[in-house]
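Observations on the model geometry
Okay, here's what each chain looks like letter by letter:
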Amino acid sequence: MTKAADETAHASPKGPDVTSTETKTSEHSGGARKLSSREGAAGDKVFSGTALSAGILILVVLVAVAAFLVLQAFPAFVAPQSQIADGKGFWAYIVPLIVGTVIAAVISLVVATPISLGVALFISHYAPRRLAQILGYIIDLLAAIPSVIFGAWGISFLAPALVPGYAWLASSLGWIPIFGGPASATGKTLLTVSIVLAVMVIPIITSVCREIFLQTPKLHEEAALALGATRWEMIRMAVLPFARPGIISAVMLGLGRALGETMAVALVLSSGPLIASLIQSGNQTIAADIALNFPEASGLSLNQLIAAGLVLFVFTLAVNIVARWIISRHKEFSGAN
Amino acid sequence: MTAIATPRRRTSLTRNRLPRIAPWASLVVGLVVGAAVSTLVGFNVFGWGVFAAIAFTIVYVAWSAAVEGGRKARDKFATCLVIGSFIIVVLPLFSVIWTVLEGGIKGLLTPGFLGTSMNGVSGIQDNQSVNTGSRVVGGIYHALIGTLLITLWSTIISVPVGLLTSIYLVEYSRGGRLGQAITLFVDVMTGIPSIVAGLFAAALFATIFGPGTQTGFVAAVALTVLMIPVVVRSSEEMLRIVPNELREAAYALGVRKWRTILKVVVPTAISGIASGVTLAIARVIGETAPILLTAGFATKINLNVFSNWMASLPTYIYFQILNPTSPSNPDPSLQRAWGAALVLIIFVMILNLIARLVARIFAPKTGR
Amino acid sequence: MKANRFGRLSAVALVAAGALALSACGSDNATNSGSSSSATASGPKVTGTLTGGGSTAQSAAIDAWKQGFTGANSGASVQYNPVGSGAGRKTFISGGSQFAGSDAAMTADELTQAKTQCGNDGALDLPVYISPIAVAYNLPGVSSLNLSPDNIAKIFRGEIAKWNDPAIAADNSGVNLPDLKITPVHRSDDSGTTQNFTEYLKAASPSVWTDKSGQTWPASLPGENAKGTDGVVKTVASTAGAVAYSDDSAVSGSLGKAKVKVGSSWVALSAGGAAKAVELSKPADGRATNDLALNLNRTPTDSSAYPIVLVSYHVVCAAYKDQATVDLVKAWENYVVSDAGQQAAASAAKSAPISSSLAAKAKTAIDSIKVKS
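Residues numbered from 1 in each chain as written. Chains lettered and ligands numbered in written order. Predicted model: local features only at pLDDT ≥ 70, side-chain atom pairs only at ≥ 80, totals over all residues. Heavy atoms only, no water.

Quick look at the interface of chain B and chain A
The interface is formed by 98 residues belonging to chain B together with 99 residues belonging to chain A. With both sides pooled, the region where chain B packs onto chain A buries about 9000 Å², and carbon together with sulfur makes up 76% of that total. Inspection of the chain B/chain A interface yields two salt bridges. Across the pair Arg-256 of chain B and Asp-44 of chain A runs a salt bridge, and its minimum N-O distance is 3.8 Å. Put simply, chain B and chain A have eight residue pairs in polar contact (both at pLDDT 80 or more) between them. For the side of chain B that touches chain A, the element with the highest residue contribution is helix H4 (residues 70-109) of chain B, accounting for 20 residues. (Contact = heavy atoms within 4.5 Å. Buried area = accessible area lost by both parts, 1.4 Å probe. Salt bridge = Lys/Arg side-chain N within 4 Å of Asp/Glu carboxyl O. Polar contact = N/O pair within 3.5 Å; in protein donor to acceptor, adjacent residues only side chain to side chain. Helix = DSSP H or I, 4+ residues; strand = E, 2+ residues; numbered from the N terminus.)

Next comes the structure, spelled out in structure tokens:
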């Protein structure tokens, strides 16, 4: 990393043919003189003021959105519970959706996280450089495929392809409740949804992780290798500890997408009441429920859907706070100080 | 050759090494064992691949453990896992890309697809093209322009604001109260359902400019609400991992803080920031619901984001798939939808290229 | 290095210029038609932009109407946002649009709210779009199937599990029913189609269908579901033994459509039958004279009526703020209910044209629209 610092200092607009020491000293002393003047002090104030106002602006906007959400959701909480969700009440409506959302998101992350880490490592530390660049590029692109396309792919390709697998699971492992039969004949189940979600979040997690793996101080890596560590030991001792907060952050980004994903779930899942089996049709997620019912909703049912949105919101917040907490606990291991 | 090679194998440096052909030999064994096992449970290519990969890993790692010892074997195992995960990812992702390409090429190559709007196209034309085999009329020009302008505006708003905020969080606040509040709300916003962002923007503009204010700009604001948290989070992460030594070196040379940030910190992190911005754009570019609530659903070309309805590629794709122009003959609509999806991806590809170009221009040369 | 940097900057500039150049070409004339085409409608030409939103079921028909209407009135344009009926009515009530497309008539509550925008006479519901709902099945080799309302209800409630159940066989003598599991498929999203189908079951088979009717399919019932008409039809088409209710327009050739028992006869789905059932329906109670909200007759005895239909309305104000808007709305809605308009919708969206008597009533209602006093 000192190498990078060195390079930064060298990054003067002059060409390399000019005598380097001379240029550097004159540039730097000139810059220092200029910057220590009042003009520089003013620049500091202006810049920090701009950054501060940007922060405040974001805070105001986000607080406004949150307030709007709470305000719109409020009627669903105070209205007589018999008027909501066919008289079941709001909580009876929302709890199965929360469970479904969590199951789908957790499975997708359990599938996606190790794979994404592997791919990110492959790109950053294993693949030949040229191949790595192309791969990084492709992964970034995949993050941009609209979710309706993933949904269409899930329903037209993945779901039918998984049907025999589900039938096998139901017959061989049917005694485990989550693989309870009879398996769905269309493959439009929560497990399929989780796999589609995993495919959607893999590019996101990979993209962020790769970027962070590449930032690992080269000195740490080289020191580890010089001490005789194998490549895997180097990764475990130098790369992963350095990247841990970033990995958690990346996974949270993926979780945000998995929790909030609407179209792919809405298209793929054959929704229904909450059931334990992941290979039968059933279950539903909050975001998909909002997307499916929103267009025809009006009045109190609209408030109910927005309240569901609020629950999702609170839920993501809780997850994020936990993640922040984990990151702060590991901060002392970060290499960036 | 052999004369030289034989004594070398005896030196202590190469004594505990696997021969060069070890991976290939293991691969052959893996393929054979995989074929055998998959035949037992009912042969298919997919099963063969899975079993072959497992067998290869076992053989290769066990061999390495026997010859080279535990540490090297663990290293080989990790390599197998990393490459394996890469292969696992390639399959579905390429399947998705293939699906889009397969469906999209035909639509994209239809003359007029890129240059015309959907103005005046109805089920009558679609039925005709199915019945007589004439070319599918109607294009995506209006939606392409709409997506371009809406995304451009939301990027123009959210990238400077988001980047400055992350600079504030990392460089100035350093755990202050305001910083904590901003972090908290940025975290909250990552979980916002996109439809709520649309409702918010629609309500905001309806209050200020009267009901029914639906323009491209309202959509850009809605997308900004979704985009800012992603921009802030990813650039915050990237700024945080800029080594403090760099900052300290700059300060020690008497460089002002703001110049340090602009000339040292941000350029060091720029490739990560650019990647994060691309991700943020990717996050919002496929959003359907917020655009529908805020920008309306146009079938005509509109170049002005501040007045009248605007179309966008995601709403276009969504409705062409779910509400075909001719319900009884959905094929022309599907062709247009896949074509539009392909265009959307190409469009993001170009954006991505620009982001990388920008990153490369501003980034310092590093050892990588 | 410097030159290189400029080179890169110019590359960026080139991309930007390319984007700008892209925005300079492009055409709104997708169909290669002259602007004077099909200017057959009579009456003075109107100008201005009309904004509407709502029902997704109507969107294909609206595309066709837009084309016909703007062909006759080149200065006018109509924009329609298929956000869904509920959202469409809400936008209309708040004044964000001049008309709403809705699969259900305005509720009494909504009519009161609409008075803020529309003056004291409130809003009018005009039935403009009729779509028959098919009971579509995927049974290889079975080309004709008779289903009584009770049997339909039992199938969709999961009470009849096999196609060769005696209850079905009794109505289908001579048909070789397979020993196949029945997979009922319903809509996962809220929709007017579900509402009309459950309303039909509740009216025609009250003893079997004990659930409420509504836009949402009762969650307690078994079966698969899919999003949107298209999703339902695709699921049925790919699953042998599946059966679903769907707007007729989307049901493709390979699927069968059940004949439904009306009175004592078996009635096949037809556009005329659907229009007939709507014609036989009574106006909804407690509405203004010109509000044509219908109380659909789900149990007609006339053997030419097909009772499973969806009626979608255009909701318009009884009074608008200025003469230009009034003229525009009148011209648009008059075209929509005219023979030409209904035929255009029928050929584009496969809907059933409304009967001439209903069209006449609608014209009277449209002509009553006036400037807000």
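Details of the interface of chain B and chain C
Between chain B and chain C, the residue contacts involve 45 residues of the former and 45 residues of the latter. Approximately 3600 Å² of surface area, both sides summed, lies buried where chain B meets chain C, with 60% of it carried by carbon and sulfur atoms. The interface formed by chain B and chain C holds five residue pairs in polar contact (both at pLDDT 80 or more) in total. Secondary-structure elements contributing two or more residues to the side of chain B that touches chain C are helix H5 (123-132), helix H6 (141-173), helix H12 (289-295), helix H13 (313-322) and helix H14 (331-362) of chain B. The element best represented in the side of chain B that touches chain C is H14 of chain B, accounting for six residues.

Concerning the side chain of Arg-210 of chain A
Checked against the element boundaries, Arg-210 of chain A lands in helix H7 (residues 190-214). Polar contacts involving the side chain of Arg-210 of chain A include one to the side chain of Glu-211 of chain A, which spans 3.0 Å. Beyond its immediate stretch of four places on either side in the chain, Arg-210 of chain A contacts Ala-120, Ile-123, Ser-124, Gly-136, Tyr-137 and Asp-140 of chain A together with Ser-275 and Arg-356 of chain B.

Considering the domain arrangement of chain B
Put simply, an interface is often sized by how much accessible area is lost when its parts join up. Residues and elements named next belong to chain B. Each domain of chain B was delimited in the assignment, giving domain 1 (22-108) and domain 2 (141-362). Each partner contributes residues to the interface: domain 1 has nine residues there, and domain 2 has eight residues. Interface area for domain 1 against domain 2, summed over the two sides, is near 680 Å², with a carbon-plus-sulfur share of 83%. The tally of links from domain 1 across to domain 2 stands at zero residue pairs in polar contact (both at pLDDT 80 or more). (Domains from an automatic or database assignment.)

A short note on the packing of helix H12 (residues 300-329) of chain A against helix H7 (residues 177-190) of chain B
With their axes 7 Å apart at the nearest point, H12 of chain A and H7 of chain B run at an angle of 130° to one another. For the element pair H12 of chain A / H7 of chain B, the angle class is oblique. As H12 of chain A runs across H7 of chain B, the sense of the crossing is right-handed. Contacts from Phe-313, Thr-316, Leu-317, Asn-320, Ile-321 and Arg-324 of chain A of H12 of chain A reach H7 of chain B at Thr-183, Leu-184, Asp-187, Val-188, Met-189 and Thr-190 of chain B. Here the contact of H12 of chain A with H7 of chain B is composed, by residue class, of six nonpolar, four polar and two charged. (Axes fitted to C-alpha atoms, helices over the stretch in contact; angles between N-to-C directions. Parallel < 35°, antiparallel > 145°, perpendicular 65-115°, else oblique. Left-handed = near helix turned anticlockwise from the far one by under 90°. Nonpolar A, V, L, I, M, F, W, Y, C, P; charged D, E, K, R; others polar.)

Focus on the nonpolar core
Note that soluble globular proteins tend to have their nonpolar side chains buried in a common cluster. Grouped together as the largest cluster of nonpolar side chains are 211 residues, with contacts concentrated most on Ile-94 and Ile-286 of chain A together with Ile-192 and Ile-317 of chain B. Here this core takes 17 residues from helix H4 (residues 90-126) of chain A, the largest share from any one element. When neighbours within four sequence positions are excluded, Ile-317 of chain B is seen to be in contact with Pro-146, Val-148 and Ile-149 of chain A together with Ala-337, Ala-340, Ala-341 and Leu-344 of chain B. Residues Trp-209, Val-262, Tyr-335 and Ile-354 of chain C belong to the second largest nonpolar core, which totals 106 residues. (Core = buried A, V, L, I, M, F, W, Y, C linked by side-chain atoms within 4.5 Å. Buried < 20%, exposed > 50% of the residue type's maximum accessible area, 1.4 Å probe, protein only.)

Re the state of the cysteines
Residue and element names in this part refer to chain C. Summed over all chains, the structure comprises one disulfide over all chains. The residue that forms a disulfide with Cys-118 is Cys-317, at a sulfur-sulfur distance of 1.8 Å. What sets the handedness of the Cys-118 and Cys-317 disulfide is the S-S torsion sign, and at about -50° it is left-handed. Placement of Cys-118 in helix H4 (residues 108-118) and of Cys-317 in strand E14 (residues 309-317) is noted, with a sequence separation of 199 residues between them. A relative accessible area of 1% places Cys-118 in the buried class. Looking at Cys-317, the relative accessible area reads 4%, which means it is buried. (Disulfide = S-S within 2.5 Å.)

Some remarks on a nonpolar patch on the surface
Residue and element names in this part refer to chain A. The grouping of Phe-74, Phe-77, Val-78, Trp-91, Val-95, Val-99 and Leu-274 at the surface amounts to a nonpolar patch, some 630 Å² of accessible area in total. At the level of secondary structure, the elements contributing two or more residues to the nonpolar patch comprise helix H3 (38-78) and H4. Within the secondary structure, Val-78 is located in helix H3. Note on Val-78: relative accessible area 53%, which makes it exposed. (Patch = residues over 30% accessible without salt bridge, like charges linked within 9 Å, V, L, I, M, F, W, Y side chains within 5 Å. Areas by Shrake-Rupley, 256 points an atom, 1.4 Å probe, with all protein chains shown as cover.)

Brief notes about unusual backbone geometry
Backbone geometry at Asn-308 of chain B places phi at a positive 65°, although glycine is not the residue there. The topology assignment puts Asn-308 of chain B in the loop between H12 and H13. For Lys-350 of chain C, which is not glycine, the phi torsion reads 60° and is therefore positive. Counting through the fold element by element, Lys-350 of chain C comes out in the loop between helix H11 (339-349) and helix H12 (356-367). Accessibility expressed as a relative area gives 33% for Lys-350 of chain C, which makes it partly exposed.

So, the environment of Gly-89 of chain A
Inspection of the secondary structure assignment puts Gly-89 of chain A in the loop between H3 and H4. The residues touching Gly-89 of chain A, leaving out its near neighbours within four places in the chain, are Gln-81 and Ile-84 of chain A.

Looking at the pairing of strand E10 (residues 259-262) of chain C
All names here are of chain C. Residue alternation in E10 divides its side chains into a buried set, Val-260 and Val-262, and an unburied set, Lys-259 and Lys-261. Where strand E5 (residues 146-147) and E10 come together, two bridges link them in parallel fashion. Pairing of Asn-146 across the sheet is with Lys-259, part of E10. Pairing of E10 with strand E11 (residues 265-267), which is carried by three bridges, proceeds in the antiparallel orientation. If you follow Lys-261 over to E11, its bridge partner there is Trp-266. (Pairing = 2+ DSSP bridges.)

Considering H7 of chain A
Each α-helix winds once per 3.6 residues, and so residues spaced three or four apart point in a common direction. Residue and element names in this part refer to chain A. Compared with the 36 Å implied by 1.5 Å per residue over 25 residues, the 35 Å span of H7 between its first and last C-alpha is a close match. Of all the bends in H7, the largest measures some 30° and sits at Val-201, one to four residues before the proline Pro-203. Among the 25 residues in H7, 23 count as buried, and that is most of the element. (Expected span 1.5 Å × (residues − 1). Bend = angle between axes of the 7 residues up to and from the residue.)

Topic: the sheet that holds E5 of chain C
Within a sheet, adjacent strands bond to each other through the backbone by hydrogen bonds, running parallel or antiparallel. Taken together, three strands build an open sheet; the order of strands is E5-E10-E11 (chain C) and the sheet is mixed. Of all the strands in the sheet, the pair left with one neighbour each is E5 and E11 of chain C.

Notes on the domain arrangement of chain A
Residue and element names in this part refer to chain A. Split into domains, chain A comes out as domain 1 (1-78) and domain 2 (82-333). Facing 10 residues of domain 1, the contacting portion of domain 2 comprises 14 residues. Carbon and sulfur atoms make up 79% of the area that domain 1 and domain 2 hide from each other, which totals about 1100 Å². Put simply, domain 1 and domain 2 have zero salt bridges between them. For the pair domain 1 and domain 2, the interface holds one residue pair in polar contact (both at pLDDT 80 or more).

Structural notes on the pattern of salt bridges
Applying the stated criterion across every chain, the model contains 21 salt bridges over all chains. In this structure, Arg-336 of chain B engages Asp-126 of chain B in a salt bridge whose closest nitrogen and oxygen atoms are separated by 2.8 Å. You can see Arg-336 of chain B sitting in helix H14 and its partner Asp-126 of chain B sitting in helix H5, a full 210 residues away along the chain. Of the two residues examined, Arg-336 of chain B and Asp-126 of chain B, each falls in the buried class. Here Lys-370 of chain C and Asp-121 of chain C are joined by a salt bridge, their closest N and O atoms 2.8 Å apart. One end of the pair, Lys-370 of chain C, is in strand E16 (residues 370-371); the other, Asp-121 of chain C, is in the loop between H4 and strand E4 (123-137), and 249 residues separate them in sequence. By relative accessible area, Lys-370 of chain C is classed as partly exposed at 39%.

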